[in-house]
Amino acid sequence: MVKTIIYELIAMSHELKKRRCIMVDPKILREMSFFSDLNDEELSAISKIIKKKNYKIGEAVFKENEDGTSMYIIRKGEVKACKAAPDGELMTLTLMKDGDMFGEMSFLDGRPRSATIISISNTEALCIEKHDFEKLMDSHPRMIYKILKNIIFTIHTLVRGMNTRYVEMVNYMWGRRR
């Protein structure tokens, strides 16, 4: 009897996850800057592997150290990236909004999630699974190049911003070096 209940709960959980994943119309992607350099054929191809997911306020998209290889682009809403402090309290690292991307680190390197992502408003995110993305490499190499270029550009922008904030922090704390 206990096994039956457990199997039913697992089945219900999988069914809920399936219901939360909705295929995406290529026209929606055309409106997003992340996909703006893709042509119609490429948009059609990538739209077949992108799933739309909805998250309620306070819902975790994923948690730090979880396994996962999916990447997300926010269509509508806001999320926060958090890290656990030594005392277990979540510290907010950054806020992300419409058009921002997250999960790209695990998407690229396959390592566990580096932060917890929590929805701070009702959020609609587009999800790309790494294994689905990789299946498109042979048939759409130019599209894969364009998307990877956009991911790298986003990461590059974040690193430049962090470098600037680091220098500002050092200058504030210890004064300028002459």
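Residues numbered from 1 in each chain as written. Predicted model: local features only at pLDDT ≥ 70, side-chain atom pairs only at ≥ 80, totals over all residues. Heavy atoms only, no water.

## Overview of helix H3 (residues 40-47)
Moving on, step 1. All of the buried residues along H3 are Glu-42, Leu-43, Ala-45, Ile-46 and Ser-47.
Moving on, step 2. With a side-chain oxygen positioned 3.1 Å from the backbone nitrogen of Glu-41, the residue opening H3 is Asn-39. (Buried < 20%, exposed > 50% of the residue type's maximum accessible area, 1.4 Å probe, protein only. Helix = DSSP H or I, 4+ residues; strand = E, 2+ residues; numbered from the N terminus. Polar contact = N/O pair within 3.5 Å; in protein donor to acceptor, adjacent residues only side chain to side chain.)

## Concerning unusual backbone geometry
Moving on, step 1. Unlike most non-glycine residues, Asn-65 shows phi in positive territory, near 75 degrees.
Moving on, step 2. Summarising the element assignment, Asn-65 is placed in the loop between strand S3 (60-62) and strand S4 (70-76).
Moving on, step 3. Owing to a relative accessible area of 59%, Asn-65 belongs among the exposed residues under this scheme.

## So, the packing of aromatic side chains
Moving on, step 1. Within the structure shown, the criterion is met by five aromatic pairs.
Moving on, step 2. Between the aromatic rings of Phe-62 and Phe-102, the centroid separation amounts to 5.9 Å while the plane-to-plane angle is 45 degrees, which identifies the pairing as tilted. Taken together, the positions of Phe-62 in strand S3 and Phe-102 in strand S7 (residues 101-102) put the pair 40 residues apart, joining distant regions of the chain. Residue Phe-62 shares its accessibility class with Phe-102, and that shared class is buried. (Phe/Tyr/Trp six-rings, centres within 6.5 Å; stacked < 30°, edge-to-face > 60°.)

## Looking at the confidence of the model for the chain
Moving on, step 1. Across the chain, the average pLDDT comes to 86, with 86% of residues at 70 or higher.
Moving on, step 2. Within the model, the stretch residues 12-19 combines pLDDT values under 50 with zero contacts to residues more than four positions away or in other chains. (pLDDT = per-residue confidence, 0-100. Contact = heavy atoms within 4.5 Å.)

## Structural notes on the sheet that holds strand S8 (residues 116-119)
Moving on, step 1. Read across the sheet, four strands follow the order S3-S8-S5-S6 without closing on themselves; strand pairing throughout is antiparallel. Of all strands in the sheet, those bounded by a partner on one side alone are S3 and strand S6 (90-96). Across the sheet, the mean angle separating the axes of adjacent strands is 30 degrees when strand polarity is ignored.
Moving on, step 2. Bridging between strand S5 (residues 79-84) and S8 involves four bridges; their strand directions are antiparallel. Counterpart to Ala-81 in the pairing with S8 is Ile-117. (Pairing = 2+ DSSP bridges. Axes fitted to C-alpha atoms, helices over the stretch in contact; angles between N-to-C directions.)

## Describing the environment of Ile-57
Moving on, step 1. When you line up the elements, Ile-57 lands in the loop between strand S2 (50-55) and S3.
Moving on, step 2. In this structure Ile-57 comes out as exposed when scored by relative accessible area, which is 59%.
Moving on, step 3. With 63 residues separating them along the chain, Ile-57 and Ile-120 place their C-alpha atoms 4.9 Å apart.

## Some thoughts on helix H6 (residues 141-174)
Moving on, step 1. In a regular helix each residue adds 1.5 Å, so 34 residues correspond to 50 Å; H6 covers 49 Å between its end C-alpha atoms and thus fits that length.
Moving on, step 2. Within the sequence span of H6, burial applies to Met-143, Ile-144, Lys-146, Ile-147, Asn-150, Ile-151 and Gly-161.
Moving on, step 3. Of the surrounding secondary structure, the elements contacted by the buried residues of H6 are H3, S4, S7, helix H4 (104-109) and helix H5 (130-135).
Moving on, step 4. Downstream of H6 by one or two residues, Gly-175 has phi in the positive range, about 80 degrees. (Expected span 1.5 Å × (residues − 1).)

## Some remarks on the layout of surface pockets
Moving on, step 1. Of the pockets and cavities examined, the largest pocket occupies roughly 950 Å³.
Moving on, step 2. Around the largest pocket, the lining is made up of 30 residues, and of these Thr-94, Met-96, Met-101, Glu-104 and Leu-158 lie nearest the centre.
Moving on, step 3. Those elements that provide at least two residues to the lining of the largest pocket are S5, S6, S7, H4 and H6. (1 Å grid on protein atoms, 1.4 Å probe; cavity = no way out; pocket = protein on both sides within 12 Å on 5 of 7 lines; lining within 4 Å. Points joined across faces, edges and corners; volume = space filled by probe spheres on them.)

## Concerning the pattern of salt bridges
Moving on, step 1. On inspection of all chains with the given rule, the structure shows six salt bridges.
Moving on, step 2. Close ionic contact of Asp-40 with Arg-30 constitutes a salt bridge, the shortest N to O distance being 2.8 Å. Separated by 10 residues along the polypeptide, Asp-40 in helix H3 and Arg-30 in helix H2 (residues 26-30) bring together distant segments of the chain.
Moving on, step 3. Residue Asp-40 is classed as exposed on the basis of its relative accessible area of 59%.
Moving on, step 4. For Arg-30, a relative accessible area of 36% corresponds to the partly exposed category.
Moving on, step 5. Residues Asp-37 and Lys-149 are paired through a salt bridge, measuring 3.5 Å at the closest nitrogen-oxygen approach. Residue Asp-37 is found in the loop between H2 and H3, and its partner Lys-149 is found in helix H6; the two are separated by 112 residues along the sequence. (Salt bridge = Lys/Arg side-chain N within 4 Å of Asp/Glu carboxyl O.)

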